[in-house]
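Breakdown of the fold
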Amino acid sequence: MTIEPKETIDAVDSVVSQVALWPEGSDGSELAVDRPVVCEFTNTWYSYGGAEPAVEDVSFPVRQGDFAAILGPNGSGKTTLLRLALGLLKPTRGSVELFGESSARFRDWSRVGYVPQRVDGIGTRFPATVEEIVEQGLYRGLDPLAIFRKHGRKEVLEALDVAGISHLRQRPIESLSVGQRQRALIARAIVGQPDLLFLDEPVSGVDAVGRDRFHELISSLNRDHGMTVFLISHDIGAVMQGASVCACINRTVVFHGPPHRITGEHLSELYGFPVDVLLHDALHEHR
Amino acid sequence: MVAILAPSFGLFIVLRRLSLIADTLSHVALMGVAIGFVTSIYPTFVALIATTSSAAGIEQLRSRGKLPGDAALAIFLYSSLAIAVIVISKSSGFNADLFGYLFGTVLSINDRDLWLIGILLVVVILFVASFYAELTQSAFDQDLAHVSGVRVTAMNLALAILTGATVTASMRVVGVLMVGALIVIPVLAALRLARGFRTALLLAIGFGLLSVWVGLTVAFYADLAAGGAIVLTTVVMLALAEVIGRIRDYMSARRGAETDD
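Residues numbered from 1 in each chain as written. Chains lettered and ligands numbered in written order. Predicted model: local features only at pLDDT ≥ 70, side-chain atom pairs only at ≥ 80, totals over all residues.

Some points on the overall build of chain B
Per the secondary structure count, chain B includes twelve helices and zero strands. Secondary structure elements in chain B, listed N-terminal to C-terminal, are α-α-α-α-α-α-α-α-α-α-α-α. Computed over the C-alpha atoms, the radius of gyration of chain B is 19 Å, within 12% of the 18 Å expected from 2.2 N^0.38 for a compact globule of 261 residues. The principal-axis extent of the C-alpha atoms belonging to chain B is close to 75 × 50 × 30 Å. Per-residue burial over chain B gives 49% buried out of 261 residues. (Helix = DSSP H or I, 4+ residues; strand = E, 2+ residues; numbered from the N terminus. Rg over C-alpha atoms; globule rule 2.2 N^0.38 Å. Buried ≥ 20, exposed ≤ 12 C-beta atoms within 10 Å, placed from the backbone.)

Have a look at this one:
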């Protein structure tokens, strides 16, 4: 199913409508509207137990092949959006669809991969090797013989290789560093060759080198493996270079469009302080 | 039989950080036994009904997010204990039998109980074997399991209900007061040593079997209370596992230091 751009624009505020008309661009990175929508928020609202809404009237599509980056300050509702998309939360109002089906009723989970944000808490005191965790990503419904399955399946070895952690295959998951654990969970998410990959980038625990390698890996999954990526990120600079489309969220959509159209104004609105310097650097690298 | 039953389930319970559910359900079982005696219905059977339905109730309260998991457990633990106390005080004449349920009567277990435990064992083994992937996934992380396509809510409910059944079966062996030990301690020992998940499951069952066997032997020849002997054996195993684990850590640290040079 496809959505006319007009409908999307109606849903967001006027700041967005100026840039979301996605006019002809010069560098070919404009948003294509002909590719099918794989994940879509339509006037989505969510509030935790009657409190102020964490997500307010959010509408935007993610199209097949996109590298969609979601930016926003802490507490802006980014992770809530992700949980809504995964059907872990039900929207208070509006809808969230995965492959054209309401995410709460969606069952075809083999098409979706997920890497959570808090990887440091996951796998602590859990007796499993990296390989056993990655194998979980191959789950395809009831398998009474799963307990007898041999280790060392081809898909698992490949996924470990792509994630760059083949050497950690036999290690207990709890002995890994945060960066390594994140890679193990990426391998787990991609082992089943999903069409759509959701990632929630960790705020801390990974150093600058690790962060760069993380963004390289995600870009390559998008570019070389054809996976649609939905990445929640805090790293504006990295996102400017890798992403094909950005959604800036501060409870509601502040900006949605190709990353080079983000202006300092949008980011000031987003983070509440001027971020021109940072932005200019990133844009110079980009061009 | 119980030796296999308790730890194989215990692994998933401990990993879900629900260790105290066993303790709670054992008090619910006591209530069931008391009611069973008063109404002269087969007590183990009443206990089975009570534990499985309470387990389902606890799981509902927990998953709806109405109450924190431990608060839900506390409510069930104390209300069932209170009912048990009232029922027991109102009636008299079965103190000796009740004592057996409290502390375990494995050496004088009857045929009917053996059958019930046997059936439970088959059900639990089939369940763990066929839902191994689902159980492992939801023990690892509930959100990730959901996105993998596991029906997490149904899995949690099934696990809770069968935990209830396991508690009832184990109660006959080590008694209401010590059921939790048989479910949790062999698992802790296995977790100290195992690196992989399958190894942990097998080790937990192994420790369980060994504890019951050693405990019973000691109890029989030294004329001790069987339940107590079994639970103490599990504790000794845990201590041994800790010692072995430390030696192994020390060895690998030394090996690591040597390769660094």
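Considering the overall build of chain A
Counting its secondary structure elements, chain A contains ten helices and ten strands. In chain A, which comprises 287 residues, the proportion classed as buried is 45%. In chain A, once contacts between residues fewer than 6 apart in sequence are set aside, the share between residues at least 24 apart is 70%. (Contact = placed C-beta atoms within 7 Å.)

As for the packing of helix 2 (residues 20-38) of chain B against helix 10 (residues 179-193) of chain B
To describe two helices that pack against each other, one gives the angle between their axes and the distance between the axes. Residues and elements named next belong to chain B. Interhelical geometry of helix 2 versus helix 10 gives an angle of 160° and a closest axis separation of 8 Å. In terms of orientation, helix 2 and helix 10 fall into the roughly antiparallel class. Here helix 2 and helix 10 pass one another in a crossing that is right-handed. Contact residues: helix 2 offers Ala22, Asp23 and Ser26, while helix 10 offers Val179, Gly180, Ile183 and Val184. A per-class count over the contact of helix 2 with helix 10 returns four nonpolar, two polar and one charged. (Axes fitted to C-alpha atoms, helices over the stretch in contact; angles between N-to-C directions. Parallel < 35°, antiparallel > 145°, perpendicular 65-115°, else oblique. Left-handed = near helix turned anticlockwise from the far one by under 90°. Nonpolar A, V, L, I, M, F, W, Y, C, P; charged D, E, K, R; others polar.)

Comments concerning the sheet that holds strand 2 (residues 55-63) of chain A
Residues and elements named next belong to chain A. On the basis of which strands lie adjacent, the open sheet formed by four strands has the order 2-1-4-5 and antiparallel pairing. Each end of this open sheet is capped by a strand with a single partner; those strands are strand 2 and strand 5 (101-102). When strand 1 (residues 37-46) meets strand 4 (residues 93-98), the two strands line up antiparallel, connected through five bridges. The residue bridging Cys39 from the neighbouring strand is Leu98, located in strand 4. (Pairing = 2+ DSSP bridges.)

Observations regarding the sheet that holds strand 8 (residues 228-232) of chain A
Strand pairs in the sheet, formed through backbone hydrogen bonds, run parallel or antiparallel to each other. Residues and elements named next belong to chain A. Spatially, the six strands line up as an open sheet ordered 6-7-8-3-9-10, and their pairing is mixed. The strands lining the two open edges of the sheet, one partner per strand, are strand 6 (112-115) and strand 10 (252-257). Averaged over all neighbouring strand pairs, the angle between strand axes comes to 15°, with direction disregarded. Pairing analysis gives four bridges linking strand 6 to strand 7 (residues 196-200), with the strands arranged parallel.

Some points on unusual backbone geometry
In this structure, A:Asp57 takes a positive phi of about 50° despite not being glycine. With respect to the element layout, A:Asp57 can be found in strand 2.

A few points about the pairing of strand 7 of chain A
All names here are of chain A. Across the five residues of strand 7, five count as buried, placing the element largely inside the fold. Across five bridges, the pairing between strand 7 and strand 8 is parallel. Looking across to strand 8, one finds that Leu197 is bridged to Val229.

A few points about the pairing of strand 2 of chain A
Residue and element names in this part refer to chain A. Within strand 2, seven of the nine residues are buried, which leaves it mostly tucked inside the rest of the structure. Looking at chain direction, strand 1 and strand 2 are connected through six bridges and run antiparallel. When the bridges of strand 2 are listed, Val37 appears paired with Arg63.

Thoughts on the interface of chain A and chain B
Each side of the interface is counted separately: chain A has 24 residues, and chain B has 23 residues. Listing elements by their share of the side of chain A that touches chain B, those giving two or more residues are strand 6 and helix 4 (130-136) of chain A. Counting residues per element, the side of chain A that touches chain B draws most heavily on helix 4 of chain A, which supplies three residues. A per-class count over the side of chain A that touches chain B returns 16 nonpolar, five polar and three charged.

A short note on the packing of helix 6 (residues 111-130) of chain B against helix 9 (residues 152-174) of chain B
Residues and elements named next belong to chain B. Contact geometry of helix 6 with helix 9 gives a least axis separation of 10 Å together with a crossing angle of 145°. The crossing of helix 6 and helix 9 is left-handed. Within the contact between the two elements, helix 6 uses Asp113, Ile117, Leu120, Val124 and Phe127 and helix 9 uses Leu162, Ala165, Thr166, Ala169 and Arg172. Along the lines of polarity and charge, the residues of the contact of helix 6 with helix 9 split into seven nonpolar, one polar and two charged.

Structural notes on helix 9 of chain B
End to end, helix 9 of chain B covers 32 Å across 23 residues, agreeing with the expected 33 Å (1.5 Å per residue, within 8%). Once helix 9 of chain B ends, the next one or two residues include B:Gly175, with phi positive near 90°. (Expected span 1.5 Å × (residues − 1).)

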